[in-house]
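Analysis of the macromolecular model
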Amino acid sequence: QKEVEQDPGPLSVPEGAIVSLNCTYSNSAFQYFMWYRQYSRKGPELLMYTYSSGNKEDGRFTAQVDKSSKYISLFIRDSQPSDSATYLCAMNNQGGKLIFGQGTELSVKP
Amino acid sequence: NAGVTQTPKFQVLKTGQSMTLQCAQDMNHNSMYWYRQDPGMGLRLIYYSASEGTTDKGEVPNGYNVSRLNKREFSLRLESAAPSQTSVYFCASSELSGQPLSSLTVQYFGAGTRLSVL
């Protein structure tokens, strides 16, 4: 079993929809949780990060962590065609090395 | 703002050939990383260098070697390429490794090298 599981999709939604992207993990030592966005044929770039349980909001994006369930989510409100990308969750402990999910491919249709 | 630069962008090799993937960063970061990305597998760490002069194995190091040439440059070498090494390779850097998460541990990625081994 992988340490981090993420539904690879693809996920297709109409413009303006609310998108929910999710990851589950098995290592209770993980403390830091990140979401990276990767456009086609580009490298990943950090979108948001959170520490421990709770929510963090940044514009149309909200990251949520539930450590009791070992479950993290990224919500995108009012999704735009420019949000079309692959979204990767990543997490680590104080060791510093990141463990990535498989990535979810999102397509937002105009 | 170049950030992390990888060369080449594309490469086709025959089984058994060798090659070196180059990576350079201009952000004065201490830590550098090599990942491979395969469909359905996400990003997997091959090797990393926490600081100049040190290198350590990641999750999938077999078949690869690395050199941290100086603070800016971190190269990945395939001595005898195999079809299983067909992948997209990403280099990344961060200011610090092994520390509690902060803006200093954010990893910045290059655009990738697409490698096919026939």
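Structure: above.
Read on for a plain summary of the structure. Just so it is clear, the model here is predicted, and its values are computed rather than measured.

With that settled, the discussion passes to the nonpolar core. All names here are of chain A. Core analysis: the biggest nonpolar cluster contains 24 residues, and Trp-35, Ile-72, Leu-74, Tyr-87 and Met-91 have the highest contact counts within it. For this core, the secondary-structure elements that each account for two or more residues are strand S3 (19-25), strand S4 (32-38), strand S5 (45-51), strand S7 (61-66), strand S8 (71-76), strand S9 (85-92) and strand S11 (104-109). In this view, Met-91 contacts Val-4, Tyr-25, Phe-30, Tyr-32, Phe-33, Met-34, Ile-72, Lys-97, Leu-98 and Ile-99; residues no more than four positions away in its chain are not counted.

The final tally for this structure, using the stated rule, is two disulfides over all chains. Across the disulfide, A:Cys23 is cross-linked to A:Cys89 (sulfur-sulfur distance 2.0 Å). The chirality of the disulfide connecting A:Cys23 with A:Cys89 is left-handed, given an S-S dihedral of about -105°. Of this pair, A:Cys23 sits in strand S3 while A:Cys89 sits in strand S9, and the two are 66 residues apart along the sequence. Taking relative accessible area as the criterion, A:Cys89 reaches 0% and is therefore assigned buried. Disulfide partner of B:Cys23: B:Cys91, at an S-S distance of 1.9 Å. Since a negative S-S torsion denotes a left-handed disulfide, the B:Cys23-B:Cys91 link at about -75° is left-handed. With B:Cys23 in strand S3 (residues 19-25) and B:Cys91 in strand S9 (residues 87-94), the pair connects residues that are 68 residues apart, well separated along the chain. An identical accessibility class is assigned to B:Cys23 and B:Cys91; each is buried.

Let's shift gears to the packing of aromatic side chains. Two numbers describe a pair of aromatic rings. These are the distance of the centres and the angle of the planes. Using the criterion set out here, one finds 11 aromatic pairs over all chains in the structure. A connected cluster of aromatic rings, assembled from ring pairs, spans A:Tyr36, A:Phe100, B:Tyr33, B:Tyr35, B:Tyr48, B:Phe90 and B:Phe109. Positioned above the aromatic ring of A:Tyr49 is the side chain of A:Lys56, whose terminal nitrogen or guanidinium carbon lies 4.4 Å from the ring centre.

A separate point is the side chain of B:Asp38. Residue and element names in this part refer to chain B. Along the polypeptide, Asp-38 turns up in strand S4 (residues 31-38). Of the residues examined, Asp-38 reaches a relative accessible area of 11% and is grouped as buried. What Asp-38 contacts, discounting residues up to four positions off in sequence, is Arg-44, Thr-86 and Ser-87.

Before going further, it helps to examine the layout of surface pockets. For the largest pocket, the calculated volume is near 530 Å³. No other element matches the three residues that S11(A) contributes to the lining of the largest pocket. Approximately 400 Å³ is the volume found for the second largest pocket. Taken together, 20 residues make up the lining of the second largest pocket; nearest its centre are A:Glu3, A:Leu98, A:Ile99, A:Phe100 and B:Glu59. It is strand S5 (residues 42-49) of chain B that provides the largest number of residues to the lining of the second largest pocket, a total of three residues. Taken together, the residues that form the lining of the second largest pocket break down as nine nonpolar, six polar and five charged.

Each value, and the rule that gives it
- Within each chain, residue numbers correspond to sequence positions counted from 1 in written order.
- To read the labels, note that chains go from A and ligands from 1, taken in the order they are written.
- Owing to the predicted nature of the model, reporting of local features is limited to residues with pLDDT of at least 70; listing and counting of side-chain atom pairs is limited to 80 or more, with chain, interface and lining totals taken over all residues.
- Derived side-chain values reflect all non-hydrogen atoms in the structure, with water molecules and hydrogen atoms excluded from consideration.
- We define a nonpolar core as any set of buried Ala, Val, Leu, Ile, Met, Phe, Trp, Tyr and Cys residues linked to one another through side-chain atoms lying within 4.5 Å.
- Think of it in three bands: with a 1.4 Å probe and only protein chains considered, a residue is buried below 20% of the maximum accessible area for its type, exposed above 50%, and partly exposed in between.
- A run of DSSP states H or I qualifies as a helix once it reaches four residues; a run of E qualifies as a strand once it reaches two. Both are numbered from the N-terminal end.
- For this analysis, residues touch if any pair of their heavy atoms sits within 4.5 Å.
- Sulfur atoms of two cysteines make up a disulfide when they are within 2.5 Å.
- Aromatic rings from Phe, Tyr and Trp, taking only the six-membered ring of Trp, are treated as a pair when their centres fall within 6.5 Å; an angle between ring planes under 30 degrees marks them as stacked, one over 60 as edge-to-face, and anything in between as tilted.
- Remark: a charge is flagged as sitting over a ring if the NZ atom of Lys or the CZ atom of Arg is within 6 Å of the ring centre and within 35 degrees of the ring normal.
- Grid points spaced at 1 Å and placed over the protein atoms alone form the basis of the search, with a cavity being a set where a 1.4 Å probe fits but cannot get out and a pocket an open set showing protein on both sides within 12 Å along at least five of seven lines. Lining residues have an atom within 4 Å of a point.
- Grid points are joined across faces, edges and corners, and a volume is the space filled by probe spheres set on the points.
- The residue classification treats Ala, Val, Leu, Ile, Met, Phe, Trp, Tyr, Cys and Pro as nonpolar and Asp, Glu, Lys and Arg as charged. All others, Gly included, are polar.

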